[in-house]
Structures are given as C-alpha cells and as structure tokens.
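# Coordinate inspection notes
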Amino acid sequence: KAGVTQTPRYLIKTRGQQVTLSCSPISGHRSVSWYQQTPGQGLQFLFEYFSETQRNKGNFPGRFSGRQFSNSRSEMNVSTLELGDSALYLCASSLVNEATQYFGPGTRLTVL
Amino acid sequence: AQTVTQSQPEMSVQEAETVTLSCTYDTSESDYYLFWYKQPPSRQMILVIRQEAYKQQNATENRFSVNFQKAAKSFSLKISDSQLGDAAMYFCAYNDLGDEKLTFGTGTRLTIIP
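The following refers to the structure shown. (Residues numbered from 1 in each chain as written. Chains lettered and ligands numbered in written order. Predicted model: local features only at pLDDT ≥ 70, side-chain atom pairs only at ≥ 80, totals over all residues. Heavy atoms only, no water.)

Once that is clear, we can look at the overall build of chain B. Each helix and strand counted, chain B has 0 helices and 12 strands in total. Going from the N terminus to the C terminus, chain B shows its helices and strands as β-β-β-β-β-β-β-β-β-β-β-β. Here chain B has a C-alpha radius of gyration of 14 Å; the compact-globule value for 114 residues is 13 Å, and the two agree. Dimensions of chain B, computed from the C-alpha atoms along their principal axes, are close to 40 × 25 × 20 Å. Residues counted as buried form 46% of the 114 residues belonging to chain B. Accessible surface, chain B: about 5,600 Å² in total, of which carbon and sulfur atoms supply 45%. (Helix = DSSP H or I, 4+ residues; strand = E, 2+ residues; numbered from the N terminus. Rg over C-alpha atoms; globule rule 2.2 N^0.38 Å. Buried < 20%, exposed > 50% of the residue type's maximum accessible area, 1.4 Å probe, protein only. Areas by Shrake-Rupley, 256 points an atom, 1.4 Å probe, with all protein chains shown as cover.)

In structure tokens:
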C-alpha cells in the first residue's frame, strides 16, 4: 500500500505570495492532519480534516487554511507569506477512530 | 493543555549497545496514547512504537521497547543492539483519546558511534 504523498517536495516563494501544498493520504485513511516544523518552534499542529470538515485547528493565524476533498486528499494554503512561514510542512493520515498517524515526506517551504 | 518534555537534546551510543531516551508528559486525562517517532536526515517521520495508556504492559517492537510509568507520567524508549540506521531525531508524542492532534516533544538527536 502506498504511503502518504506530498507535493511539491520543495518550494521557494517570496514574501507576500501565497502557496498551496497538497497531501494524498494512505488509501482508506479519511483523516488528514497538518503540522509545521521549524527549528525554533518544533512540531506544531495546524489542523485536521475528516470527511471534508475541519475538526480541529491549532493556534495559527487565519492566513493558514486548508480543505479536504471527497477522495480524502487535502490541501493547505498559506496566504501573504512571511519569512517566518519558512518551514517543513508535514501531512499525516490515519484511519477513522485510530490514533496512529502516518506521515508523508513533507514539503520544504522557503520564503525569501 | 498537554505538554511533552524531552530533557535530552542529544544522546550518543556505541553500535550494538543499548540506549534509553527519556520523555515526560503532563495531562489531566486518563485515556490517551503515547508514541515515539523517528526522523532521520531524510526528514520522513517514521512511527517507532505506540502505547495505549489503559494498557499496563509495555509495548515492544523488535529492538525497541518502552517503559511506561503512568503515575509518574513518564514514557522512555529503549533501543537495544543499536545500529547505524538508528541515527535520527527521536520525538515523543501525546494524543488524547478521540483527538487527532499530536503534541510533540522537542526531540532527542541520537548519534550512533561505529
């Protein structure tokens, strides 16, 4: 069974631009969570989607948003990029009512 | 809010030896899950082991085992017969029952000395 896939793997943007990251969960997994990883703040939870609905959200500004499609694929969007948004963005998927999350390889976003 | 603390930023161990990584957490919940994830230089986060709080028996996966002390809120990872491929950042993570949010510790960088 294929693992969680994330595209693109690397991205370079400039301040003020917006970016969209994509995540395809493991087949059969309907819950998708997003995390931001930075050297200063570590791993922080962004949000979680299940059945096209956001069920949980971390403490991030409204510039960070996401959505989930009917096939469980998810996208996250960051608008008006700031230098501090440079990070590794990790997506994870899990089965319904199953605590274990399986992570994708991440998207490395650099904001110049 | 739940917190997870890893007090060892770096650890090193000789190949084939045993090493223990420490993790403590704070929660008022009685039902939860604990995890150890490994992040090698490739940055892919890989599940190492999982422990359900309601289980008294410590989880084991091949060379990896945990010492789960619920009353002390302690969850350490023991790696036996360390191998070069074990070199990575190790993150301890907490998850409330029914909540998809994982709360991570700051990580321990493990170096394996040949």
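Our next topic: the pattern of salt bridges. According to the stated counting rule, one finds 11 salt bridges over all chains in the structure shown. Lys 55 of chain B is paired through a salt bridge with Glu 52 of chain B; the nearest N and O atoms lie 3.8 Å apart. Among the residues examined, Lys 55 of chain B registers a relative accessible area of 36% and is labelled partly exposed. Residue Glu 52 of chain B is classed as buried on the basis of its relative accessible area, which comes to 10%. Here the salt bridges do not stand alone but share partners, grouping Glu 98 of chain A together with Arg 50, Glu 52 and Lys 55 of chain B into one network. (Salt bridge = Lys/Arg side-chain N within 4 Å of Asp/Glu carboxyl O.)

Before going further, it helps to spend a moment on the pairing of strand β11 (residues 107–111) of chain A. Residues and elements named next belong to chain A. In β11, alternate side chains face the same way, and those of Thr 107, Leu 109 and Val 111 are buried while those of Arg 108 and Thr 110 on the opposite face are not. Sheet topology places strand β9 (residues 87–94) next to β11; 3 bridges connect them, and they run antiparallel. Along β11, the bridge assignment pairs Ala 87 with Leu 109. (Pairing = 2+ DSSP bridges.)

What follows deals with the packing of aromatic side chains. Considering all chains together, one arrives at 16 aromatic pairs over all chains under this definition. Ring geometry for Trp 36 of chain B versus Phe 75 of chain B: centroids 6.2 Å apart, planes at 25°, classification stacked. Note that Trp 36 of chain B is positioned in strand β5 (residues 32–39) and Phe 75 of chain B in strand β9 (residues 74–79), a separation of 39 residues in sequence. Each member of the pair, Trp 36 of chain B as well as Phe 75 of chain B, carries the same accessibility label: buried. Through successive ring pairs, a cluster of aromatic residues spans Tyr 35, Phe 45 and Phe 103 of chain A together with Tyr 33, Phe 35, Tyr 37, Phe 91 and Phe 104 of chain B. (Phe/Tyr/Trp six-rings, centres within 6.5 Å; stacked < 30°, edge-to-face > 60°.)

Attention now goes to the state of the cysteines. Residues and elements named next belong to chain B. Scanning the entire structure with this criterion turns up 2 disulfides over all chains. For Cys 23, the disulfide goes to Cys 92, at an S-S distance of 2.0 Å. On the S-S bond that ties Cys 23 to Cys 92, the torsion sits near -65°, and the link is left-handed. On the criterion of sequence distance, the pair formed by Cys 23 in the loop between β3 (19–21) and β4 (24–26) and Cys 92 in strand β10 (residues 88–96) is long-range, its members being 69 residues apart. With relative accessibility at 1%, the residue Cys 23 sits in the buried group. Accessibility expressed as a relative area gives 0% for Cys 92, which makes it buried. (Disulfide = S-S within 2.5 Å.)

In this assembly, 16 residues from chain B lie in contact with 21 residues from chain A. Between the two partners, chain B and chain A, sit 10 residue pairs in polar contact (both at pLDDT 80 or more). Among the secondary structure elements, those contributing two or more residues to the side of chain B that touches chain A are β5, β6 (46–52) and β10 of chain B. In terms of residues, the side of chain B that touches chain A owes the most to one element, β5 of chain B, which gives 4 residues. (Contact = heavy atoms within 4.5 Å. Polar contact = N/O pair within 3.5 Å; in protein donor to acceptor, adjacent residues only side chain to side chain.)

Residues and elements named next belong to chain A. The antiparallel open sheet is built from 4 strands, whose spatial order is β1-β3-β8-β7. In the strand order of this sheet, the two ends are held by β1 (5–7) and β7 (64–68), each with one partner. Within the sheet, the average angular offset between the axes of one strand and its neighbour, ignoring direction, is 20°. Sheet topology places β1 next to strand β3 (residues 19–24); 3 bridges connect them, and they run antiparallel. The partner of Gln 6 across the bridge, within β3, is Cys 23. (Axes fitted to C-alpha atoms, helices over the stretch in contact; angles between N-to-C directions.)

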